[in-house]
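# Secondary and tertiary structure notes
In case you want the letters, here they are:
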Amino acid sequence: MDAYKKSRVKSIICWVIAFALAIFYLVVSFLPFIFMVLNSFKEKFEMLTVGVFELPQSLNFANYQEVLTGGFGKYFMNSVIVLAISLILLLFIASCASYPLARFQFKLANPIYAGIVACMSIPVHITLIPVFKMSQATGLYDSIWALIGPYVAFAVPISVFILTSFMKEIPREIEESAEIDGCGKIKMFFSMILPLSKPGLATLAIYNGVNMWNEFSFAYTLTQSSENRTLPLAIWEFQGQYSMNTPMIMAVLTLTLLPMIIMFIIFQDKLVKGMTAGAVKG
Amino acid sequence: MKKRMKRLAAFSMAVLMAASMAACGGSGGGSSDGGSSSGGSSSGDDKEIVYWNIGTESPDKDIVTAAVEKFNSETESGYTVTSVPTQNDSYKEKLVVAMSSGECPDMYSCWSGGPMYEYIDSGFGQPIDDLFNNSEIKDKLMESAIGQATYNDHIYAVPYQNVSMSGIFYNKEMFEKYGLEEPATLADLENICATLKENGITPFALANSSKWTGSMYFMNLAARYGGLEPFQNAVAGTGSFTDECFIQAGEKIQEWVNAGYFPDGVNSLSEDDGQAKQLMYQETAGMLLCGSWYTGTFSTDSEEFYQKIGWFPFPAIEGSEADPSIMIGTVGDQFIVFNCEGEKLEAAFECAEAHLSDEVIDLGVESGKIPPVNGIEEKLTDPITIEVVEAANNASEIQLWYDQYLPPAVSNAHLDGLQEVFGLTMTPQEAQESMQQAMEEYNAQKAE
Amino acid sequence: MKEKSTSLLVIRQRNTRKVAALFLAPVTILMVIYIFYPIVDTFITSTYQWNGISADRKFIGIQNWITLLQDKSFWIAFKNNLIIMVLSIVIQIPLGLALATFLDFGGKKLTVFKVIWFIPLLMSSVAIGFLFTYALATNGGIVSTISGWFGGGNIDLLGNPKTALLTVIAVICWQFTPFYMVYFMAAFTNIPYDVFEAARIDGATRGQYFWKIALPLLVPSMKSAAILSMVGSLKYFDLIYVMTGGGPGTSTELMATYMYKESFSNFNMGYGSAVAGGMFILISMIALITMKLINGKKEA
């Protein structure tokens, strides 16, 4: 009884400390976001005179109004289309590639895996010129379709790497029992491995989704007309040679960020679902 | 659930195949593409002129748009110009990527100096002497503007945007309060600094994480100590960047750093994020040495604050033989360079001329610009801009910013070294030696 | 019986190879087009003296590579990358794991924490760069203000070559820790629930469960996370470029920023390509050797 009480007290103390630290980290994570939102409501002169970390004098929605009346809607749609197609393609290609690398035993598995890891280490900027040439040659230049190829290709190595290590952790018994039931490799992939990799896929979707959503270099080099721009390029309109309208840029960035937060709230649920699915089976 | 998965898989497969087919075609064509086409990034329509510029934000955007619209509506050439405004930050990168694939736009706006020479040397700029000499803009443009558009004795570009001279902006109220006057000599300026410092005010607002901002101080000091000859000789390879005037300039800067004439953490403040003007707006700093485009920056941020601002050119140094009328700055700021030939070039040139038409010039003046044309002072009403133009007109010589004028590798050596001079982590001698070394390497490579 | 099973094995192996080829085909096509071709192109370009835009370029063999080996700036950049790498691994992974563990123990009630902790990863580098240049400003920034409360003076973090790199690393960690948090959360869900249940029935406390059961099961994920962090920090670019541009001096110069400057602003595309090639070789070597080492240990 005493020992139980002791461990209870200890556990409560642990939780209190953990919570204190958690809340501290919460503040650290959240404050910059708050400041971004606050500054998006300020006027340019106001932001610089009162300081970046002061409250805005009034909730001035003019910045948002101006951003939304510009090309924002078009950029937003472009970003959504590019993101949706690239992400679906990426997850499909990456899971296809990870499956044999994680679950099969064949001679080439290790060299291919090593090759993919090496691909992770290519600096993106050096590929701009070759990719630009390709887009010109295929006539994809200055269209959002030009972005999908590089977005998928440069996300594939890291995705395969993560997903392979994930699939390796799936217990082999599951596969063996299915094999005894006469389940083929391809069917196994779609009916067993893919559903079980959902937490891994969700991680990838979140991570790569964010990267693609914020991607600048390719979007910048591969498009030129304003109707083909994606969201990260929307800040241009407020950034001149010698001055930038920072509050307006903060408004653009806030509007760019919100869909990502919403997407995360939806997807993080998938992470939890993976867990409960396991619980039911157990 | 399973069904949905399958459908998804089938769909993805289809998209993938389409994408990979397109991409395969690309890799084949890409490698054979030798960089011969000069049609620009146009969609194959040869009556279209693609024009890249950095007019993404007003007023630059309005000026370019007005000029292009004027051309498109009035021209009899049969060509139309498509303007492609592009963000300034990565503009040079975008040009390099396009040019390296031989897809340079038909005309593009850029800065004068090292990079522009590099474009021209690589065949992406056409000389426009004949067109220019037969055009009325020949007499219209300021001579110094034409000078900055000239390379190897040929005219390659049309300057159009702004006359920007470096000079010192100051808070008039603050000067009045402490009984200060515009300085005539460097000693006067240093007295002002001392007075401001005593009263708890940072003399100079400077955000030097951007590096080129600190170069403003260096260029002016060096020009006042030794004139422009040492610089020109150093570039030509007959002199050296370790010349006395450069060392003196660096030493003066360090003296000022030690005296606390610059803000704390000067190398961490960012010009792009507005941390220099912030000090002015909060009235914790009294002066700011920068390009005269700051008139526009101040007045669009706050007309009220702009009323408090005065301007004077960098003062002379007593005992120095250098001509104190020399100015550092750009006469044009943006220069249109052409990458097309024949009729197309004529049409493109016509569009460039439209940038200097009276109505577009008026628009520029209205938005606080100083278009580089003769007699512009008569159109100006703003007292500071008039002072700037007068200083430019009276200048015996105008030196383009080092960081634009010099070959980029040398310019970066200069900026990096100077930033360390500001941070007191390098002596002026060391910084100048590294700049000199970069210059020598560049000259050696050129000579090959 | 035995005979039958061997032939079955052969058939199965052949089948395996076929299926593997089918599954690996799309990724191979994509890699060849978008990654192998640029890599080859980079290595070819690195043998030229070329400004990047001119039609004629001069073949100079391995001259650029010799310069690279003797280039102090490159090795300083590499050293900076190594510092980022080590500190990233040491800070981000344990911190990410701690956050994930907290969320895993707490369950659904803590969703708010999860979402907010994740926000830094969602923000664009432009916004982060802007806010932190103000937050870290010597005069009036957060750090200087706190130092003022304790009677200290202004602290110049980003402008001081000694602290600039560490400061940027702190911001990088702030940005990427949430990724490792999500990564480990997903790894936690891979641990079957009955393992946890069994441990609880045996009377293990949560602490015991974490240290004795969960942690060993998470080791493979931690290894992959370390590789990811390693590769990521060795080719890092964004935030440094936005916040310091490599300065002051060369104190925050990285291989990627150096490569970018040489290629796109100094008109040294040939040399820039050599830097990129050097980066590629160094990073893949480090990653592959590390992988060999940590996986070798597992088998022993």
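Residues numbered from 1 in each chain as written. Chains lettered and ligands numbered in written order. Predicted model: local features only at pLDDT ≥ 70, side-chain atom pairs only at ≥ 80, totals over all residues.

### A short note on the packing of helix H3 (residues 72–106) of chain C against helix H7 (residues 161–190) of chain C
Residue and element names in this part refer to chain C. The criterion, for reference: The axes used here are C-alpha line fits, helices contributing only the stretch in contact, and every angle between their N-to-C directions lies in the interval 0 to 180 degrees. Here a strand is any run of E in DSSP of at least two residues, a helix any run of H or I of at least four, and the numbering for each starts at the N terminus. Comment on the angle field: the value is read as roughly parallel under 35 degrees, roughly antiparallel over 145, roughly perpendicular from 65 to 115, and oblique elsewhere. Crossing handedness follows the turn of the near helix against the far one: under a right angle anticlockwise gives a left-handed crossing, and clockwise gives a right-handed one. Residues are grouped as follows: Ala, Val, Leu, Ile, Met, Phe, Trp, Tyr, Cys and Pro are nonpolar; Asp, Glu, Lys and Arg are charged; every other residue, Gly included, is polar.
Their axes nearest at 6 Å, the elements H3 and H7 cross at an angle of 40 degrees. In terms of orientation, H3 and H7 fall into the oblique class. As for how H3 packs across H7, the hand of that crossing is right-handed. Per-class residue counts for the contact of H3 with H7 are 21 nonpolar, five polar and one charged.

### A few points about helix H11 (residues 229–236) of chain B
Residue and element names in this part refer to chain B. Under the convention used in this document: Residues with at least 20 other C-beta atoms within 10 Å of their own are called buried, those with 12 or fewer are called exposed, and the rest are partly exposed. The C-beta atoms themselves are positioned from the backbone. What the arc describes is the spread of directions from the helix axis to the C-beta atoms. A pair of residues counts as a contact when their C-beta atoms, built from backbone coordinates, are within 7 Å of each other.
Residues of H11 that are buried include every one of Pro230, Phe231 and Ala234, and no others. Projected down its long axis, H11 carries its buried residues within an arc of 100 degrees, all on one side. Of the surrounding secondary structure, the elements contacted by the buried residues of H11 are helix H10 (212–226), helix H12 (244–258), strand S13 (398–399) and helix H21 (428–447). Backbone geometry just after H11 places Gly237 at a positive phi near 95 degrees.

### Observations concerning the pairing of strand S1 (residues 48–53) of chain B
All names here are of chain B. Quick reminder of the rule: Strand pairing requires that DSSP identify at least two bridges connecting the strands. By convention a crossover is right-handed if, when the strands point away from the viewer, the path from the first strand over the helix to the second runs clockwise.
Burial analysis of S1 places five of its six residues in the buried class, which makes it a mostly covered element. Looking at chain direction, S1 and strand S2 (residues 80–85) are connected through six bridges and run parallel. The residue bridging Val50 from the neighbouring strand is Thr82, located in S2. Between the parallel elements S1 and S2, the chain passes through helix H2 (residues 60–74) in a crossover that is right-handed. Pairing of S1 with strand S3 (residues 107–110), which is carried by two bridges, proceeds in the parallel orientation. Opposite Trp52, over in S3, you have Tyr108 as the bridge partner.

### Describing the interface of chain B and chain C
Facing the 37 residues of chain B at the interface are 33 residues of chain C. The set of elements that each furnish at least two residues to the side of chain B that touches chain C consists of helix H1 (2–32), helix H3 (91–100), helix H4 (114–121) and helix H20 (408–422) of chain B. With six residues, the top contributor of residues to the side of chain B that touches chain C is H20(B). Here the residues of the side of chain B that touches chain C sort into 12 nonpolar, 16 polar and nine charged.

### A word on the interface of chain A and chain C
Taken together, the contact between chain A and chain C spans 76 residues of the former and 69 residues of the latter. Considering every element that reaches the side of chain A that touches chain C, the biggest residue donor is helix H12 (residues 246–281) of chain A, with 16 residues. Considering only residue class, the side of chain A that touches chain C consists of 56 nonpolar, 17 polar and three charged.

### Remarks on the pairing of strand S7 (residues 162–171) of chain B
Residues and elements named next belong to chain B. For S7, the tally of buried residues reaches 10 of 10 residues, placing the bulk of the element in the interior. Where S7 lies against strand S11 (residues 327–332), four bridges are found, and the strand directions are antiparallel. In the sheet register, Asn162 faces S11, and the bridge partner there is Gly332. As paired strands, S7 and strand S9 (residues 285–291) are joined by five bridges and run antiparallel to one another. Its bridge partner being in S9, Ser166 is matched across the sheet by Gly291. Relative to strand S10 (residues 309–312), S7 runs antiparallel, the two sharing four bridges. Looking at S10, one finds that Phe169 is bridged to Trp311.

### Quick notes on the packing of H2(B) against helix H16 (residues 342–354) of chain B
Residue and element names in this part refer to chain B. Between H2 and H16, the shortest axis-to-axis distance is 8 Å and the interhelical angle comes to 130 degrees. Classified by the interaxial angle, the pair formed by H2 and H16 is oblique. Once H2 is placed against H16, the crossing between them reads as right-handed. On the side of H2, the interface is formed by Ala67, Val68, Lys70 and Phe71, while H16 contributes Glu350, Cys351 and Ala354. Partitioned by chemical class, the residues of the contact of H2 with H16 number five nonpolar, no polar and two charged.

### A short note on the domain arrangement of chain A
Residues and elements named next belong to chain A. Condition: All the domain ranges listed were derived from an automatic or database domain assignment.
When cut into domains, chain A gives domain 1 (2–40) and domain 2 (71–281). Placing the centre of domain 1 and that of domain 2 at their C-alpha centroids yields a distance of 32 Å. Counting residues at the interface gives four residues for domain 1, matched by six residues for domain 2. Class assignment for the residues of the side of domain 1 that touches domain 2 results in two nonpolar, two polar and no charged.

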